[in-house]
Structures are given as C-alpha cells and as structure tokens.
Amino acid sequence: MSQKVQEFNDYRAKMNDKILASDNKIVKRIFNLDTNAFKEGHLPVKTKELLGLVASAVLRCDDCIAYHLESSHKNGVTKEEMMETMSIATLVGGTILIPHLRRAVEYWEALEEENS
C-alpha cells in the first residue's frame, strides 16, 4: 500500500476507534447511517460512491474525498469515471475546488500505484 494511502487509513481507523469508544449514541447512529447509506440498494454501490465523491468535493472535505476515492476505486471506478465525476463537482462547486481536484488526482495515483 502506498504510504499516502496507508497513513490516511491508519489515522482514520485510529481516530474512528477513539470516537466510537466514547460510546456516544448519536455519533454511533451517524456512523451506522453512513455505513448503511452506501450499501447496495436501488442505486449500485459504485454510483453511490461517485455521488459521495461529488458531495465531498463540493463541500471541500479532503478526508471525505480520499475516503470516497478509495471506496470508488475498490468498486471498479475507472480513472476516466473519477475524472468525469470530479469535473461535475468542479462545475457545481466552482474553481475553488481546483486545489481539491489536484489532491484528488494525487490520491487516485497513489491508489493506482498500490494496485500495479
């Protein structure tokens, strides 16, 4: 696994464990809702991940973008599909998203590197 991807996943897992250890009912329900929202339903998981990617980009959340990039990659999204999705996000969100687009492409390359 690339160092960039590994660092993100390690930090995310460590902090999620700490957050969930607080045993806060509301936080646990939010985490559960998030998990269930991205399961197969009327929309395929791949589509839901791309929707999550657009929303994350428009909200300018780099951690969320990385999470949805990795989930999208695992669900068979191609680089072309990712770029088209990010182009829609950039159109909707405006040019302020270009730095996030740069980091998204960099993270995608790290994901591709680990699978080569």
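Please read these numbers as outputs of a predicted model, since none were measured by experiment. (Residues numbered from 1 in each chain as written. Predicted model: local features only at pLDDT ≥ 70, side-chain atom pairs only at ≥ 80, totals over all residues. Heavy atoms only, no water.)

*Asks:* I'd like a description of the nonpolar core, backed by residues and values.
*Replies:* Looking at soluble globular proteins, one finds that nonpolar side chains tend to be buried together. Of all hydrophobic cores here, the largest spans 18 residues; its most connected members are Leu53, Leu69, Met82 and Tyr107. Those elements that place two or more of their residues in this core are α1 (3-21), α3 (45-58), α4 (62-74), α5 (79-93) and α6 (98-114). Broken down by element, the residue count for this core peaks at five residues, all from α6. (Core = buried A, V, L, I, M, F, W, Y, C linked by side-chain atoms within 4.5 Å. Buried < 20%, exposed > 50% of the residue type's maximum accessible area, 1.4 Å probe, protein only. Helix = DSSP H or I, 4+ residues; strand = E, 2+ residues; numbered from the N terminus.)

*Asks:* Break down the pattern of salt bridges for me, with residues and values.
*Replies:* Once the charged atoms of two side chains with opposite charge are near each other, the side chains can pair. For the structure on display, the rule yields five salt bridges. The partner of Lys4 in a salt bridge is Glu106, and the shortest N-O contact between them spans 3.8 Å. Highlighted residues: Lys4 in helix α1 and Glu106 in helix α6, separated in sequence by 102 residues. With a relative accessible area of 41%, Glu106 lands in the partly exposed category. Here Glu70 makes a salt bridge to Lys74, at a shortest N to O gap of 3.5 Å. Taken together, the positions of Glu70 and Lys74, both in helix α4 and four residues apart, correspond to about one turn of that helix. Judged by its relative accessible area of 6%, Glu70 is buried. (Salt bridge = Lys/Arg side-chain N within 4 Å of Asp/Glu carboxyl O.)

*Asks:* Just give me the short version of the environment of Leu101, but keep the residues and values in it.
*Replies:* Here Leu101 lies in helix α6. Sequence-distant contacts of Leu101, that is, excluding residues within four places in its chain, are made with Met86 and Thr90. (Contact = heavy atoms within 4.5 Å.)

*Asks:* Let's hear about the packing of α3 against α5: which residues, and what values?
*Replies:* Between two packed helices, what matters for the description is the angle formed by their axes and the separation of those axes. Contact pair α3 / α5: the axes reach a minimum separation of 9 Å and the direction vectors enclose 35 degrees. For the crossing formed where α3 meets α5, the hand is right-handed. For the pair formed by α3 and α5, the contact residues are Lys46, Leu50, Leu53, Val54, Ala57 and Val58 on the first element and Glu81, Met82, Thr85, Met86, Ala89, Val92 and Gly93 on the second. (Axes fitted to C-alpha atoms, helices over the stretch in contact; angles between N-to-C directions. Left-handed = near helix turned anticlockwise from the far one by under 90°.)

*Asks:* Tell me what's going on with the packing of α4 against α6, and back it up with residues and numbers.
*Replies:* Relative to each other, α4 and α6 sit at 35 degrees, their axes nearing to 10 Å. The handedness of the crossing between α4 and α6 is right-handed. Here α4 contributes Asp62, Ile65, Ala66, Leu69, Glu70 and His73 to the contact with α6, which in turn contributes His100, Arg103, Ala104, Tyr107, Trp108, Leu111 and Glu112. Partitioned by chemical class, the residues of the contact of α4 with α6 number seven nonpolar, two polar and four charged. (Nonpolar A, V, L, I, M, F, W, Y, C, P; charged D, E, K, R; others polar.)

*Asks:* Go over a nonpolar patch on the surface, please, and point to the residues and values.
*Replies:* Together, Val58, Ile88, Leu91 and Val92 line one region of the surface with nonpolar side chains, adding up to about 390 Å² of accessible area. Among the elements that line the nonpolar patch, the one with the most residues is α5, at three residues. Residue position: Leu91 is located in helix α5. We classify Leu91 as exposed; its relative accessible area is 71%. (Patch = residues over 30% accessible without salt bridge, like charges linked within 9 Å, V, L, I, M, F, W, Y side chains within 5 Å. Areas by Shrake-Rupley, 256 points an atom, 1.4 Å probe, with all protein chains shown as cover.)

*Asks:* Can you lay out α5 for me, pointing to particular residues and giving the numbers?
*Replies:* Taking 1.5 Å per residue as the helical rise, α5 with its 15 residues ought to reach 21 Å, and the 20 Å between its terminal C-alpha atoms agrees with that figure. Three or more residues of α5 are buried, namely Met82, Thr85, Met86, Ala89 and Thr90. The arc that holds the buried residues of α5, viewed along the axis, is 140 degrees, so those residues lie on one side. Relative to its buried face, α5 has exposed residues pointing more than 90 degrees away, namely Glu80, Glu84, Leu91 and Val92. Along its buried surface, α5 packs onto α3, α4 and α6. Trailing α5 by a residue or two, Gly94 shows a phi angle of about 95 degrees, which is positive. (Expected span 1.5 Å × (residues − 1). Arc of directions from axis to C-beta.)

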